[in-house]
Amino acid sequence: MGVSKEQVESTLRSKLSPSHIEVIDTSGGCGASFKVEIVSEQFEGKRLLDRHRMVNGALAEEMKDIHALSITKALTPDQWNKQQQSQTSQPAA
């Protein structure tokens with residue numbers, strides 16, 4: 001039995017209190033593969049590897065049924081805001 005996108009999102013919300021989260025089921029619906037973009041104050045002062053470990057740790061139970069987890073972004077709110085500002089300030093091509 002796979003894991004739902006909603007389960008992954010709910011678990012991350014409860015354990016990491018993100019200000020932004022996006023979970024995409026890349027498995028075609030079977031719940032075995034996900035992409036995650038997450039922004040949390042709990043990442044402050046942590047290296048990227050530690051942030052990924054925090055996400056994997058938060059999903060420890062779900063990871064028993066997930067075959068692939070791609071953490072595309074694990075940012076602090078400040079990093080997220082700077083990234084959003086730089087994207088909106090670039091002129092359209």
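Preceding this paragraph is the structure being described.
First things first, this report covers the structure right here in the doc. (Residues numbered from 1 in each chain as written. Predicted model: local features only at pLDDT ≥ 70, side-chain atom pairs only at ≥ 80, totals over all residues. Heavy atoms only, no water.)

## Here we look at the overall build of the protein
Then comes step 1: When its secondary structure is counted, the protein shows 3 helices and 3 strands.
Then comes step 2: Principal-axis analysis of the C-alpha atoms gives the protein an extent of 45 × 35 × 20 Å.
Then comes step 3: Taken across its 93 residues, the protein has 34% of its residues classed as buried.
Then comes step 4: Pairs at least 24 apart in sequence give 58% of the contacts found in the protein among residues at least 6 apart.
Then comes step 5: Accessible area of the protein: about 5700 Å², with a carbon and sulfur share of 49%.
Then comes step 6: Counting 11 positive and 12 negative side-chain charges, the protein places the averaged centre of each group 6 Å from the other. (Helix = DSSP H or I, 4+ residues; strand = E, 2+ residues; numbered from the N terminus. Buried < 20%, exposed > 50% of the residue type's maximum accessible area, 1.4 Å probe, protein only. Contact = heavy atoms within 4.5 Å. Areas by Shrake-Rupley, 256 points an atom, 1.4 Å probe, with all protein chains shown as cover. Lys, Arg positive; Asp, Glu negative; His and termini not counted. Charge placed at Lys NZ, Arg CZ, Asp CG, Glu CD.)

## Some remarks on the nonpolar core
A general feature of soluble globular proteins is that nonpolar side chains tend to end up buried together.
Then comes step 1: Val8, Leu12, Ile38, Val55 and Leu69 are the most contacted members of the largest nonpolar core, which totals 17 residues.
Then comes step 2: Of all the secondary-structure elements, those providing two or more residues to this core are helix H1 (5–16), strand E1 (20–25), strand E2 (33–39), helix H2 (48–58) and strand E3 (68–75).
Then comes step 3: Each residue touching Val55, except ones within four places of it in the same chain, is listed here: Leu12, Leu16, Ile38, Phe43, Leu69 and Ile71. (Core = buried A, V, L, I, M, F, W, Y, C linked by side-chain atoms within 4.5 Å.)

## Observations regarding the pattern of salt bridges
Then comes step 1: Under the definition given, this model contains 7 salt bridges.
Then comes step 2: Residue Arg47 pairs with Asp50 through a salt bridge whose shortest N-O separation is 3.4 Å.
Then comes step 3: The exposed category is assigned to Arg47, whose relative accessible area is 54%.
Then comes step 4: A relative accessible area of 23% means that Asp50 is categorised as partly exposed.
Then comes step 5: Through salt bridges that share partners, Lys5, Glu9 and Arg13 make up one connected network. (Salt bridge = Lys/Arg side-chain N within 4 Å of Asp/Glu carboxyl O.)

## Remarks on the pairing of E2
Then comes step 1: For E2, the tally of buried residues reaches 6 of 7 residues, placing the bulk of the element in the interior.
Then comes step 2: Where E1 lies against E2, 6 bridges are found, and the strand directions are antiparallel. By the bridge assignment for E2, Glu22 is matched with Glu37.
Then comes step 3: Sheet topology places E2 next to E3; 7 bridges connect them, and they run parallel. Along E3, the bridge assignment pairs Phe34 with Leu69.
Then comes step 4: A crossover connection joins E2 to the parallel E3 through H2; in handedness this β-α-β unit is right-handed. (Pairing = 2+ DSSP bridges. Right-handed = clockwise from strand over helix to strand, strands pointing away.)

## Topic: the side chain of Thr76
Then comes step 1: Topologically, Thr76 is positioned in the loop between E3 and helix H3 (77–89).
Then comes step 2: Those residues in contact with Thr76, other than ones at most four positions away along the chain, are Val39, Ser40, Phe43, Glu44 and Arg51.

Geometry only, nothing functional implied.
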